[in-house]
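# Summary of the model geometry
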Amino acid sequence: MRHPILGLLCVAGVIGLSACDRSIDKDAVDREFAGVNALEGAGLSELMLTAADPAEAVTYFQRSAAEQPERLDFMRGLAASLVKARRNSEAAIAWAKVVEHPDSTSDDRVELADALIRNNDWARAEQVLDAIPPTHETFKRYRLEAMIADGNQEWQKADSFYEVAVGLTNTPATILNNWGFSKLSRGDHTEAEQLFTDAIRQDPSLFTAKNNLVLARGAQGNYTLPVMTMTQIERAELLQTLGLAAVKRGDVEIGKGLLRDALETHPQHFEAAARSLEALDGSVTN
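Below is a summary of the structure that appears in this document. (Residues numbered from 1 in each chain as written. Predicted model: local features only at pLDDT ≥ 70, side-chain atom pairs only at ≥ 80, totals over all residues. Heavy atoms only, no water.)

## Structural notes on the overall build of the protein
- Counting its regular elements, the protein contains 15 helices and zero strands.
- Buried residues in the protein amount to 41% of all 286 residues.
- Of the roughly 16000 Å² of accessible surface on the protein, 53% is carried by carbon and sulfur atoms. (Helix = DSSP H or I, 4+ residues; strand = E, 2+ residues; numbered from the N terminus. Buried < 20%, exposed > 50% of the residue type's maximum accessible area, 1.4 Å probe, protein only. Areas by Shrake-Rupley, 256 points an atom, 1.4 Å probe, with all protein chains shown as cover.)

This is the structure:
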(Lines give C-alpha, C1' and ligand atoms only; values in the text may rest on other atoms or scores of the structure.)
Protein backbone atom coordinates (compact mmCIF):
# COMPACT_ATOMS: atom_id res chain seq x y z
CA MET A 1 0.00 0.00 0.00
CA ARG A 2 2.97 2.36 0.56
CA HIS A 3 4.65 1.72 -2.84
CA PRO A 4 3.12 4.74 -4.69
CA ILE A 5 4.26 7.07 -1.92
CA LEU A 6 7.77 5.56 -1.87
CA GLY A 7 7.93 5.93 -5.65
CA LEU A 8 7.11 9.61 -5.48
CA LEU A 9 9.66 10.15 -2.73
CA CYS A 10 12.28 8.45 -4.91
CA VAL A 11 11.43 10.78 -7.78
CA ALA A 12 11.78 13.74 -5.47
CA GLY A 13 15.12 12.36 -4.31
CA VAL A 14 16.39 12.08 -7.87
CA ILE A 15 15.43 15.68 -8.49
CA GLY A 16 17.31 16.74 -5.35
CA LEU A 17 20.49 14.85 -6.30
CA SER A 18 20.50 16.32 -9.79
CA ALA A 19 21.29 19.69 -8.22
CA CYS A 20 24.97 18.73 -8.56
CA ASP A 21 24.58 19.12 -12.31
CA ARG A 22 21.93 21.86 -12.64
CA SER A 23 19.66 24.07 -10.58
CA ILE A 24 16.74 22.38 -8.82
CA ASP A 25 13.37 22.59 -10.56
CA LYS A 26 11.44 23.82 -7.51
CA ASP A 27 8.06 23.62 -9.27
CA ALA A 28 8.68 19.96 -10.12
CA VAL A 29 9.52 19.16 -6.51
CA ASP A 30 6.39 20.96 -5.30
CA ARG A 31 4.28 18.98 -7.74
CA GLU A 32 5.74 15.67 -6.59
CA PHE A 33 5.21 16.39 -2.92
CA ALA A 34 1.72 17.68 -3.61
CA GLY A 35 1.04 14.22 -5.01
CA VAL A 36 2.39 12.63 -1.84
CA ASN A 37 0.20 14.86 0.32
CA ALA A 38 -2.86 14.02 -1.77
CA LEU A 39 -2.25 10.29 -1.39
CA GLU A 40 -1.67 10.58 2.35
CA GLY A 41 -4.77 12.77 2.69
CA ALA A 42 -6.95 10.28 0.80
CA GLY A 43 -5.77 7.43 3.03
CA LEU A 44 -6.35 9.43 6.20
CA SER A 45 -9.80 10.50 5.04
CA GLU A 46 -10.81 6.89 4.43
CA LEU A 47 -9.44 5.90 7.82
CA MET A 48 -11.34 8.69 9.56
CA LEU A 49 -14.60 7.59 7.93
CA THR A 50 -14.22 3.88 8.66
CA ALA A 51 -12.36 3.64 11.96
CA ALA A 52 -12.35 6.95 13.80
CA ASP A 53 -14.72 8.10 16.50
CA PRO A 54 -17.59 9.94 14.72
CA ALA A 55 -16.96 13.18 16.63
CA GLU A 56 -13.25 13.08 15.77
CA ALA A 57 -14.10 12.44 12.11
CA VAL A 58 -16.41 15.45 12.05
CA THR A 59 -13.66 17.65 13.51
CA TYR A 60 -11.11 16.36 10.99
CA PHE A 61 -13.33 16.98 7.97
CA GLN A 62 -14.53 20.36 9.23
CA ARG A 63 -10.92 21.51 9.49
CA SER A 64 -9.93 19.96 6.14
CA ALA A 65 -12.93 21.44 4.31
CA ALA A 66 -12.23 24.86 5.80
CA GLU A 67 -8.61 24.72 4.66
CA GLN A 68 -9.45 23.43 1.15
CA PRO A 69 -13.10 24.33 0.45
CA GLU A 70 -12.76 23.33 -3.21
CA ARG A 71 -12.10 19.67 -2.31
CA LEU A 72 -15.27 17.66 -3.01
CA ASP A 73 -13.88 14.64 -1.15
CA PHE A 74 -13.60 16.68 2.05
CA MET A 75 -17.17 17.94 1.58
CA ARG A 76 -18.39 14.37 1.19
CA GLY A 77 -16.33 13.25 4.17
CA LEU A 78 -17.85 15.95 6.37
CA ALA A 79 -21.38 15.05 5.29
CA ALA A 80 -20.82 11.32 5.82
CA SER A 81 -19.17 11.83 9.21
CA LEU A 82 -22.10 13.99 10.36
CA VAL A 83 -24.44 11.10 9.46
CA LYS A 84 -22.29 8.70 11.51
CA ALA A 85 -22.35 11.14 14.41
CA ARG A 86 -26.18 11.24 14.20
CA ARG A 87 -26.13 15.00 13.64
CA ASN A 88 -28.91 14.61 11.14
CA SER A 89 -29.96 18.20 10.50
CA GLU A 90 -26.33 19.23 9.90
CA ALA A 91 -25.78 16.16 7.71
CA ALA A 92 -28.72 17.10 5.48
CA ILE A 93 -27.31 20.60 5.03
CA ALA A 94 -23.83 19.22 4.31
CA TRP A 95 -25.09 16.76 1.68
CA ALA A 96 -27.14 19.55 0.08
CA LYS A 97 -23.89 21.53 -0.34
CA VAL A 98 -22.23 18.48 -1.90
CA VAL A 99 -25.08 18.15 -4.39
CA GLU A 100 -24.65 21.81 -5.38
CA HIS A 101 -21.03 21.11 -6.41
CA PRO A 102 -20.64 20.91 -10.22
CA ASP A 103 -18.85 17.56 -9.95
CA SER A 104 -21.48 15.90 -7.73
CA THR A 105 -23.05 12.61 -8.82
CA SER A 106 -26.32 10.73 -8.54
CA ASP A 107 -24.81 8.82 -5.62
CA ASP A 108 -24.48 12.14 -3.78
CA ARG A 109 -28.18 12.80 -4.36
CA VAL A 110 -29.04 9.39 -2.92
CA GLU A 111 -26.96 10.26 0.14
CA LEU A 112 -28.83 13.55 0.45
CA ALA A 113 -32.15 11.69 0.34
CA ASP A 114 -30.87 9.33 3.03
CA ALA A 115 -29.85 12.26 5.25
CA LEU A 116 -33.24 13.92 4.73
CA ILE A 117 -35.06 10.74 5.79
CA ARG A 118 -32.87 10.52 8.89
CA ASN A 119 -33.92 14.12 9.58
CA ASN A 120 -37.58 13.12 9.11
CA ASP A 121 -37.96 15.24 5.97
CA TRP A 122 -39.67 12.56 3.91
CA ALA A 123 -41.35 14.87 1.40
CA ARG A 124 -38.10 16.52 0.35
CA ALA A 125 -36.33 13.15 0.26
CA GLU A 126 -38.95 11.90 -2.17
CA GLN A 127 -38.41 14.97 -4.37
CA VAL A 128 -34.66 14.37 -4.42
CA LEU A 129 -35.08 10.71 -5.41
CA ASP A 130 -37.65 11.56 -8.09
CA ALA A 131 -35.10 13.89 -9.71
CA ILE A 132 -32.48 11.13 -10.02
CA PRO A 133 -32.47 9.44 -13.46
CA PRO A 134 -34.15 6.00 -13.43
CA THR A 135 -31.00 4.55 -15.00
CA HIS A 136 -29.19 5.08 -11.70
CA GLU A 137 -29.93 1.70 -10.14
CA THR A 138 -28.23 1.08 -6.80
CA PHE A 139 -29.17 -0.86 -3.70
CA LYS A 140 -29.32 2.22 -1.51
CA ARG A 141 -31.49 4.14 -3.98
CA TYR A 142 -34.10 1.35 -4.12
CA ARG A 143 -33.98 0.77 -0.35
CA LEU A 144 -34.88 4.42 0.19
CA GLU A 145 -37.53 4.28 -2.55
CA ALA A 146 -39.10 1.29 -0.78
CA MET A 147 -39.11 3.09 2.56
CA ILE A 148 -40.82 6.13 1.06
CA ALA A 149 -43.40 3.97 -0.75
CA ASP A 150 -44.08 2.24 2.58
CA GLY A 151 -44.64 5.57 4.26
CA ASN A 152 -47.08 6.55 1.50
CA GLN A 153 -48.82 3.15 1.82
CA GLU A 154 -48.12 2.48 -1.85
CA TRP A 155 -47.77 -1.22 -1.24
CA GLN A 156 -47.34 -2.39 -4.83
CA LYS A 157 -44.54 0.11 -5.43
CA ALA A 158 -42.94 -0.78 -2.10
CA ASP A 159 -42.88 -4.50 -2.95
CA SER A 160 -41.38 -3.74 -6.36
CA PHE A 161 -38.64 -1.55 -4.86
CA TYR A 162 -37.85 -4.09 -2.13
CA GLU A 163 -37.56 -6.87 -4.69
CA VAL A 164 -35.14 -4.86 -6.82
CA ALA A 165 -33.09 -3.87 -3.76
CA VAL A 166 -32.74 -7.51 -2.66
CA GLY A 167 -31.34 -8.35 -6.08
CA LEU A 168 -28.74 -5.58 -5.90
CA THR A 169 -26.92 -6.69 -2.75
CA ASN A 170 -24.91 -9.70 -1.62
CA THR A 171 -26.07 -9.15 1.99
CA PRO A 172 -29.86 -8.91 1.77
CA ALA A 173 -30.72 -9.81 5.38
CA THR A 174 -31.59 -6.31 6.60
CA ILE A 175 -33.60 -5.39 3.50
CA LEU A 176 -35.51 -8.70 3.75
CA ASN A 177 -36.24 -7.85 7.39
CA ASN A 178 -37.49 -4.39 6.40
CA TRP A 179 -39.67 -5.90 3.69
CA GLY A 180 -41.04 -8.40 6.17
CA PHE A 181 -41.87 -5.64 8.65
CA SER A 182 -43.69 -3.80 5.86
CA LYS A 183 -45.77 -6.93 5.24
CA LEU A 184 -46.35 -7.31 8.99
CA SER A 185 -47.64 -3.75 9.28
CA ARG A 186 -50.13 -4.47 6.48
CA GLY A 187 -51.40 -7.62 8.22
CA ASP A 188 -49.81 -10.00 5.69
CA HIS A 189 -48.50 -12.25 8.46
CA THR A 190 -47.77 -15.34 6.38
CA GLU A 191 -45.69 -13.45 3.81
CA ALA A 192 -43.97 -11.53 6.61
CA GLU A 193 -43.04 -14.80 8.32
CA GLN A 194 -41.43 -16.09 5.13
CA LEU A 195 -39.41 -12.89 4.62
CA PHE A 196 -38.16 -12.91 8.21
CA THR A 197 -37.19 -16.57 7.81
CA ASP A 198 -35.25 -15.68 4.65
CA ALA A 199 -33.52 -12.81 6.48
CA ILE A 200 -32.40 -15.13 9.29
CA ARG A 201 -31.17 -17.67 6.77
CA GLN A 202 -28.99 -14.95 5.27
CA ASP A 203 -27.78 -13.68 8.66
CA PRO A 204 -28.42 -15.99 11.65
CA SER A 205 -27.18 -13.27 14.04
CA LEU A 206 -29.87 -10.73 13.08
CA PHE A 207 -31.91 -10.61 16.28
CA THR A 208 -34.36 -8.00 14.95
CA ALA A 209 -35.49 -10.47 12.28
CA LYS A 210 -35.83 -13.22 14.92
CA ASN A 211 -38.00 -10.99 17.07
CA ASN A 212 -40.11 -9.95 14.09
CA LEU A 213 -40.50 -13.59 13.04
CA VAL A 214 -41.90 -14.41 16.48
CA LEU A 215 -44.29 -11.45 16.20
CA ALA A 216 -45.53 -12.71 12.83
CA ARG A 217 -46.08 -16.22 14.19
CA GLY A 218 -47.76 -14.92 17.34
CA ALA A 219 -50.12 -12.79 15.27
CA GLN A 220 -51.29 -16.03 13.63
CA GLY A 221 -51.79 -17.80 16.96
CA ASN A 222 -48.64 -19.87 16.61
CA TYR A 223 -46.97 -19.68 20.01
CA THR A 224 -44.03 -22.01 19.47
CA LEU A 225 -40.53 -20.71 18.83
CA PRO A 226 -39.19 -21.59 15.37
CA VAL A 227 -36.13 -23.79 15.01
CA MET A 228 -33.18 -21.40 14.66
CA THR A 229 -29.87 -20.54 16.29
CA MET A 230 -30.33 -18.42 19.43
CA THR A 231 -28.55 -17.72 22.69
CA GLN A 232 -30.18 -18.33 26.06
CA ILE A 233 -30.79 -14.61 26.49
CA GLU A 234 -32.27 -14.35 22.99
CA ARG A 235 -34.54 -17.31 23.72
CA ALA A 236 -35.84 -15.60 26.87
CA GLU A 237 -36.45 -12.34 25.01
CA LEU A 238 -38.24 -14.13 22.19
CA LEU A 239 -40.45 -15.98 24.68
CA GLN A 240 -41.36 -12.62 26.19
CA THR A 241 -42.24 -11.23 22.75
CA LEU A 242 -44.35 -14.31 22.03
CA GLY A 243 -46.07 -14.01 25.40
CA LEU A 244 -47.01 -10.38 24.78
CA ALA A 245 -48.26 -11.30 21.30
CA ALA A 246 -50.50 -13.96 22.86
CA VAL A 247 -51.89 -11.44 25.36
CA LYS A 248 -52.59 -9.02 22.52
CA ARG A 249 -54.64 -11.72 20.76
CA GLY A 250 -56.61 -12.32 23.98
CA ASP A 251 -54.85 -15.56 24.92
CA VAL A 252 -53.91 -14.22 28.36
CA GLU A 253 -53.19 -17.51 30.14
CA ILE A 254 -50.98 -18.71 27.30
CA GLY A 255 -49.21 -15.37 27.40
CA LYS A 256 -48.61 -15.64 31.14
CA GLY A 257 -47.18 -19.12 30.68
CA LEU A 258 -44.78 -17.87 28.03
CA LEU A 259 -43.67 -15.01 30.26
CA ARG A 260 -42.97 -17.49 33.07
CA ASP A 261 -40.92 -19.56 30.62
CA ALA A 262 -39.00 -16.39 29.72
CA LEU A 263 -38.21 -15.75 33.39
CA GLU A 264 -36.99 -19.32 33.88
CA THR A 265 -34.93 -19.27 30.68
CA HIS A 266 -33.06 -16.01 31.20
CA PRO A 267 -29.69 -16.54 32.93
CA GLN A 268 -30.21 -13.40 35.05
CA HIS A 269 -33.28 -11.71 36.47
CA PHE A 270 -35.45 -10.73 33.50
CA GLU A 271 -36.98 -7.52 34.79
CA ALA A 272 -39.05 -6.68 31.70
CA ALA A 273 -40.76 -10.09 31.69
CA ALA A 274 -41.28 -9.91 35.46
CA ARG A 275 -42.99 -6.53 35.18
CA SER A 276 -45.25 -7.77 32.39
CA LEU A 277 -46.24 -10.85 34.40
CA GLU A 278 -46.89 -8.81 37.55
CA ALA A 279 -49.08 -6.42 35.56
CA LEU A 280 -51.10 -9.31 34.15
CA ASP A 281 -51.46 -10.99 37.54
CA GLY A 282 -52.50 -7.66 39.04
CA SER A 283 -55.13 -7.02 36.40
CA VAL A 284 -56.56 -10.52 36.86
CA THR A 285 -56.62 -10.10 40.66
CA ASN A 286 -58.27 -6.70 40.44
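## Overview of the side chain of K210
- Of note, K210 is situated in helix 12 (residues 207–219).
- For K210, the residues in contact, after removing those within four places along its chain, are I200, P204, S205, M228, T229, M230, E234 and L238. (Contact = heavy atoms within 4.5 Å.)

## Quick notes on the nonpolar core
- Judged by nonpolar contacts, the single largest core of 37 residues is most densely connected at Y162, F196, L225, L242 and L258.
- Elements with a minimum of two residues in this core: helix 8 (139–151), helix 9 (155–167), helix 10 (173–186), helix 11 (189–202), helix 12, helix 13 (232–248), helix 14 (252–265) and helix 15 (271–285).
- Setting aside anything within four residues of it in sequence, one finds L258 in contact with Y223, L239, L242, G243 and A246.
- Counting residues in each nonpolar core, the second largest holds 33 residues, with Y60, A92, A96 and V128 among its members. (Core = buried A, V, L, I, M, F, W, Y, C linked by side-chain atoms within 4.5 Å.)

## So, the environment of V58
- Mapped onto the secondary structure, V58 falls in helix 3 (residues 54–67).
- V58 sits in the buried class, given a relative accessible area of 0%.
- Remark: the alpha-carbon pair of V58 and G77, spanning 19 residues in sequence, is separated by 8.2 Å.
- Filtering out sequence-adjacent residues up to four positions away, V58 remains in contact with L78, S81, L82, A85 and R87.

## Considerations on the packing of helix 13 against helix 14
- Axis separation between helix 13 and helix 14 bottoms out at 7 Å; the angle between their running directions is 165 degrees. On the basis of their axis angle, the class for helix 13 and helix 14 is roughly antiparallel. Considering how the two elements wind past one another, helix 13 and helix 14 form a crossing that is left-handed. Side by side, helix 13 and helix 14 meet where Q232, R235, A236, L239, Q240, L242, G243, A246 and V247 of the first sit next to V252, I254, G255, L258, L259, D261, A262 and T265 of the second.
- Looking at side-chain class alone, the contact of helix 13 with helix 14 contains ten nonpolar, five polar and two charged residues. (Axes fitted to C-alpha atoms, helices over the stretch in contact; angles between N-to-C directions. Parallel < 35°, antiparallel > 145°, perpendicular 65-115°, else oblique. Left-handed = near helix turned anticlockwise from the far one by under 90°. Nonpolar A, V, L, I, M, F, W, Y, C, P; charged D, E, K, R; others polar.)

## What to know about unusual backbone geometry
- Of note in this structure, N120 is not a glycine but carries a positive phi near 65 degrees.
- Mapping N120 onto the fold places it in the loop between helix 6 (106–118) and helix 7 (122–130).
- Its relative accessible area of 61% is what places N120 among the exposed residues.
- If you check the backbone angles, Q153 has positive phi at about 55 degrees while not being a glycine.
- Positionally, Q153 belongs in the loop between helix 8 and helix 9.

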